[in-house]
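Residue strings, one per chain:
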Amino acid sequence: MPGFEIFGEEERTQVGHVLETGVLFRYGFDQARNGHWMAKTFETELAQRLGIGYCHLCASGTAALSTALAACGIGAGDEVIIPPFTFVATMEAVLHAGAVPVFAEIDETLCLDPEAVRRVITGQTKAVIPVHMCGAMARIDAIKTVCDQHDLILIEDACQALGGTFNHQALGTFGHMGCFSFDPVKTITCGEGGAVVTHYERLYHRAEAYADHGHDHTGKDRGLEGHAILGANFRISELNAAVGLAQLRKLDRILERQRLHKKALKEGLSGIPGLTFRELPDEKGDSATFLSFLLPDESRTREAAQGLAEAGVDGCFYWYENNWHYIRQWDHLKALSSAASLPLTLLKQPPDYARVSLSQSDAIMKRTLSMLIKLSWTEAEIRERIDRMRKVLAP
Ligand SMILES: *Cc1c(COP(=O)(O)O)cnc(C)c1O
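Residues numbered from 1 in each chain as written. Predicted model: local features only at pLDDT ≥ 70, side-chain atom pairs only at ≥ 80, totals over all residues. Heavy atoms only, no water.

We now examine the pairing of strand 4 (residues 125-128). As paired strands, strand 2 (residues 79-82) and strand 4 are joined by three bridges and run parallel to one another. When the bridges of strand 4 are listed, isoleucine 81 appears paired with valine 128. Relative to strand 5 (residues 153-157), strand 4 is paired through two bridges, and the arrangement is parallel. By the bridge assignment, alanine 127 is partnered in strand 5 with isoleucine 153. (Pairing = 2+ DSSP bridges. Helix = DSSP H or I, 4+ residues; strand = E, 2+ residues; numbered from the N terminus.)

Laid out in structure tokens, this is it:
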């Protein structure tokens, strides 16, 4: 997740334009901004890149998820199916919408298992949010089929998967809405930022209104615009958008590098007894931000994680123990501990997240390690890395 690795002249130039005009706000100031519409241009170019009709930038990926849920009309008491392996933001956005997260198992794609999604659908289910984890795709075709059969809204959390595709179609463009993040550790970054994308004009207008206090963005004078719905302030600033625009224009180079590095690593690690790679429903569409692999059992995986750290192989993650990305450590969710009481506590029977059983996901996460792919590696560094890894994994 290398956006931060390649800051340069392009980012400084775009930010310079914003600072010269002094217009940091994405709306209005038509004269003063001297032709620089950073957020709008970023939106147009991102939509084009993804092959989708509409894009709206937000202040973060989390804000994008909240905006998508609101635009799709998901709220009080609605059940939303999500995976237990994701960044906490997915679960938080559902809770803060007043809705109820329902966890379904993942499979060896490290993403939602479509059949497991089917098993947890109830009369209250309104939406499914598959998360394309660690740069690559869920079985999005099968998940979409399940959603279509049960008339459910499909929102993709593609925050970690910008540039990824499935059957040549961009991740984030399969459902009603898709969400992206440009936080400091994502594929491209603008400090803080996110995007919602959609094929549907109606959802787009809901989203852009919701993210800006309900403004309908039709008036000449911002103060006189209508407000059909209540909203929030999830706007991005022109400064952030300027950085994001420069980064987006580097995306193809980023992807090319990552894929090259990942290919070399995969070849270098092939043939290690007991080591299998994460299942990729369409390997060509992998954005290659991470290399994820599975070992035969938990104890070997824990040993490997420790061995890799000791051998100086940095950037490795044992997600099963991770505070932020796997449900096991989400004690705050299990206690429904929030700053103020959550809407779902008003339900007759609030869910008990301390008791959700996710044995299939546990079994997979216990055996999974991921390694961050960096852009800056030289060929020699990659060879060295493979050597060290083989010594630990195939002694
Ligand atoms: C990063 C991330 C988010 C949230 O994005 P922010 O921009 O950090 O708010 C949501 N979901 C996933 C899967 C993420 O990795």
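In terms of domain boundaries, the protein breaks down into domain 1 (3-250) and domain 2 (252-393). Relative to domain 2, the C-alpha centre of domain 1 lies at a distance of 23 Å. Facing the 45 residues of domain 1 at the interface are 47 residues of domain 2. A salt bridge links arginine 139 to glutamate 279; its shortest N-O distance comes to 3.2 Å. At the boundary of domain 1 and domain 2, one finds 25 residue pairs in polar contact (both at pLDDT 80 or more). Only helix 4 (88-96), strand 3 (100-103) and strand 6 (165-166) provide two or more residues apiece to the side of domain 1 that touches domain 2. Split by residue class, the side of domain 1 that touches domain 2 holds 23 nonpolar, 13 polar and nine charged. (Domains from an automatic or database assignment. Contact = heavy atoms within 4.5 Å. Salt bridge = Lys/Arg side-chain N within 4 Å of Asp/Glu carboxyl O. Polar contact = N/O pair within 3.5 Å; in protein donor to acceptor, adjacent residues only side chain to side chain. Nonpolar A, V, L, I, M, F, W, Y, C, P; charged D, E, K, R; others polar.)

Let us look at the layout of surface pockets. In this structure, the largest pocket occupies an estimated 510 Å³ of space. If you go around the largest pocket, you meet 21 residues; those closest to its centre are Tyr27, Gly28, Trp37, Lys40 and His217. With four residues, the top contributor of residues to the lining of the largest pocket is helix 2 (residues 38-50). Partitioned by chemical class, the residues of the lining of the largest pocket number seven nonpolar, five polar and nine charged. (1 Å grid on protein atoms, 1.4 Å probe; cavity = no way out; pocket = protein on both sides within 12 Å on 5 of 7 lines; lining within 4 Å. Points joined across faces, edges and corners; volume = space filled by probe spheres on them.)

Contact geometry for helix 2 and helix 8 (residues 238-248): axes closest at 8 Å, N-to-C directions at 35 degrees. Taken as a pair, helix 2 and helix 8 cross one another with a handedness that is left-handed. Contacts between helix 2 and helix 8 involve Met38, Ala39, Thr41, Phe42, Glu45 and Leu46 from the former and Glu238, Ala241, Ala242, Gly244, Leu245 and Leu248 from the latter. The residue makeup of the contact of helix 2 with helix 8, split by class, is eight nonpolar, two polar and two charged. (Axes fitted to C-alpha atoms, helices over the stretch in contact; angles between N-to-C directions. Left-handed = near helix turned anticlockwise from the far one by under 90°.)

The geometry of an aromatic ring pair is captured by two quantities: the separation of the ring centres and the angle between the planes. In total, this model carries 14 aromatic pairs according to the counting rule given. When the centroid spacing of 5.1 Å and the interplanar angle of 25 degrees are considered together, the rings of tyrosine 54 and tyrosine 204 count as stacked. Here tyrosine 54, found in strand 1 (residues 54-58), pairs with tyrosine 204, found in helix 7 (residues 201-210); they are 150 residues apart in sequence, far enough to count as distant. Plain terms: the ring middles of phenylalanine 290 and tryptophan 319 are 5.9 Å apart, the flat faces sit at 65 degrees to each other, and that makes the pair edge-to-face. On the criterion of sequence distance, the pair formed by phenylalanine 290 in strand 11 (residues 290-294) and tryptophan 319 in the loop between strand 12 (316-317) and helix 11 (331-334) is long-range, its members being 29 residues apart. Overall, phenylalanine 290 belongs to the buried group, its relative accessible area being 4%. Assessed through its relative accessible area of 3%, tryptophan 319 is described here as buried. Counting every residue linked through ring pairs, the aromatic cluster contains Phe85, Phe290, Phe317 and Trp319. Taking NZ or CZ as reference, lysine 40 lies 4.1 Å from the ring centre of tryptophan 37, over its face. Above the plane of the ring of phenylalanine 87 lies lysine 186, whose end atom (NZ or CZ) is 5.9 Å from the centre. (Phe/Tyr/Trp six-rings, centres within 6.5 Å; stacked < 30°, edge-to-face > 60°. Buried < 20%, exposed > 50% of the residue type's maximum accessible area, 1.4 Å probe, protein only. Lys NZ or Arg CZ within 6 Å of the ring centre and 35° of its normal.)

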